[in-house]
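Residues per chain, in single letters:
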Amino acid sequence: MVNKPQDTIEIITSDSEHWYPSLKKKGVWYPSVTTINAVFPKGVGFNKYLTAQTSWESSQESLEEAGKRGTAVHLGTQALEEGQTLKQETYPVDQWQMLIGFVNWYKEYSPKTLAIEFKVVSDKYKTGGTVDRIYQIGDQVIILDVKTSKKIWSNYWLQVAAYEKLVTETKKFPKISHLAILRLTPLRKTYYEYVLIDDWKEPWKAFQACQDIWRYENGKDTGPKILTLPKELKLR
């Protein structure tokens, strides 16, 4: 049986999931901000962390575990903003402390939420991303990214600087005045570290440099690996 186009479904493979389709150009995909940002040098501290692991596999398992922790905490913060009540018994202690940190920060700054998990893609900048939060705090309009890492790494500012360009292009929000990283951590008394910047020209330049390197390594017309599979199966 030959499948007609409407009988098939296109699936992006798991190792190519950080891609965003153009909203105007059919069949055109752009790498995500975080995919491009991944070419930024991680630094000596990160490399020491990897080499301290017993094997390559264990280092990857550690990174995967950190990713799962970050996802769980992100979802928890989103649930809190949606008005849900979280229960301690459903979280490991370190994740619960991070969520306490989010509550502490939220009560301290009383942000007005303009957007949560705002997805945006740009044909102009040829990238896309999902912005954790856009807040208004007093007269400040802030793009904020929630992190659960060991420290605030310098490449985080490249990420939010790129988000600012994408968000501003949509013309859906007031002018962005600050970029922020909210790092949730069990190692601080308040369980959070909050840092703002009001000038991101240099991080944006650095992101553009990463984008040039990424294109050099992968090609300008690279796209996600897409499997075309039938929607139904039958023998007769």
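About the cut-offs
Residues numbered from 1 in each chain as written. Predicted model: local features only at pLDDT ≥ 70, side-chain atom pairs only at ≥ 80, totals over all residues. Heavy atoms only, no water. Pairing = 2+ DSSP bridges. Helix = DSSP H or I, 4+ residues; strand = E, 2+ residues; numbered from the N terminus. Buried < 20%, exposed > 50% of the residue type's maximum accessible area, 1.4 Å probe, protein only. Right-handed = clockwise from strand over helix to strand, strands pointing away. Polar contact = N/O pair within 3.5 Å; in protein donor to acceptor, adjacent residues only side chain to side chain. Contact = heavy atoms within 4.5 Å. Expected span 1.5 Å × (residues − 1). Phe/Tyr/Trp six-rings, centres within 6.5 Å; stacked < 30°, edge-to-face > 60°. Lys NZ or Arg CZ within 6 Å of the ring centre and 35° of its normal. Salt bridge = Lys/Arg side-chain N within 4 Å of Asp/Glu carboxyl O. Axes fitted to C-alpha atoms, helices over the stretch in contact; angles between N-to-C directions. Parallel < 35°, antiparallel > 145°, perpendicular 65-115°, else oblique. Nonpolar A, V, L, I, M, F, W, Y, C, P; charged D, E, K, R; others polar.

Caption draft 1: Geometry of the pairing of strand E4 (residues 112–122). In the sheet, E4 pairs with strand E5 (residues 127–137) via 9 bridges, with the strands oriented antiparallel. Bridge pairing links Thr 113 to Tyr 135 in E5.

Caption draft 2: Expanded view of the pairing of strand E7 (residues 178–184). Here E7 lies mainly inside the structure; 7 of its 7 residues are buried. Here E7 shows a buried face lined by His 178, Ala 180, Leu 182 and Leu 184 and a second buried face lined by Leu 179, Ile 181 and Arg 183. For the crossover that starts at strand E6 (residues 140–147), traverses helix H5 (residues 155–170) and ends in the parallel E7, the hand is right-handed. The pairing of E7 with strand E8 (residues 192–197) spans 6 bridges and is antiparallel. Residue pairing across strands places Leu 182 opposite Tyr 194, the latter belonging to E8.

Caption draft 3: Here's a closer look at the side chain of Glu 81. With respect to the element layout, Glu 81 can be found in helix H3 (residues 56–81). Polar side-chain contacts of Glu 81 include one of 2.8 Å to the side chain of Thr 113. A distance of 2.5 Å separates the side chain of Glu 81 from the side chain of Arg 133, its partner in a polar contact. Setting aside chain neighbours within four positions, we find Glu 81 in contact with Phe 102, Tyr 106, Thr 113, Ile 116, Arg 133 and Tyr 135.

Caption draft 4: Region of the structure containing helix H4 (residues 93–109). Here H4 spans 24 Å end to end across 17 residues, near enough to the 24 Å set by a 1.5 Å rise per residue. One or two residues past the end of H4 sits Ser 110, with phi positive at roughly 45°.

Caption draft 5: Quick look at the packing of aromatic side chains. Considering all chains together, one arrives at 12 aromatic pairs under this definition. Between the aromatic rings of Trp 105 and Tyr 135, the centroid separation amounts to 5.4 Å while the plane-to-plane angle is 40°, which identifies the pairing as tilted. Of this pair, Trp 105 sits in helix H4 while Tyr 135 sits in strand E5, and the two are 30 residues apart along the sequence. With a centroid separation of 5.7 Å and 15° between ring planes, the pair formed by Trp 204 and Phe 207 is classed as stacked. Here Trp 204 pairs with Phe 207, and both are found in helix H6 (residues 201–218), just 3 residues apart, close to one helical turn. For the pair formed by Trp 204 and Phe 207, the shared burial category is buried. Pairwise contacts between aromatic rings join Phe 102, Trp 105, Tyr 106, Tyr 109, Tyr 135 and Tyr 194 into one cluster. We note Lys 147 situated over the ring of Tyr 156; from NZ or CZ to the ring centre the distance is 4.3 Å.

Caption draft 6: Looking closely at the pattern of salt bridges. Here the structure, examined in full by the defined rule, presents 6 salt bridges. Put simply, Lys 201 and Asp 199 hold a salt bridge, and the shortest N to O gap is 3.1 Å. Exposure remark for Asp 199: the relative accessible area of 42% places this residue in the partly exposed category. Lys 205 is the partner of Glu 202 in a salt bridge, and the nearest nitrogen-oxygen pair spans 3.5 Å. Of this pair, Glu 202 and Lys 205 both sit in helix H6, 3 residues apart, which is roughly one turn of the helix. The burial state of Glu 202 is the same as that of Lys 205; both residues are exposed. Among the ionic contacts, a cluster of salt bridges with common partners joins Arg 183, Arg 188 and Glu 193.

Caption draft 7: Representation of the environment of Pro 111 in the model. Here Pro 111 shows up in the loop between H4 and E4. Residues Pro 111 and Ile 137, 26 residues apart in the sequence, show an inter-C-alpha distance of 4.9 Å. Excluding residues that lie within four positions of it along the chain, Pro 111 makes contacts with Trp 105, Tyr 106, Tyr 135, Gln 136 and Ile 137.

Caption draft 8: Quick look at the packing of H5 against H6. Between H5 and H6, whose axes approach to 8 Å, the crossing angle comes to 95°. In terms of orientation, H5 lies roughly perpendicular with respect to H6. Between H5, through Trp 157, Leu 158, Ala 161, Ala 162 and Lys 165, and H6, the contact on the second element is made entirely by Pro 203, Trp 204, Ala 206, Phe 207 and Cys 210. Of the residues in the contact of H5 with H6, the class split is 9 nonpolar, no polar and 1 charged.

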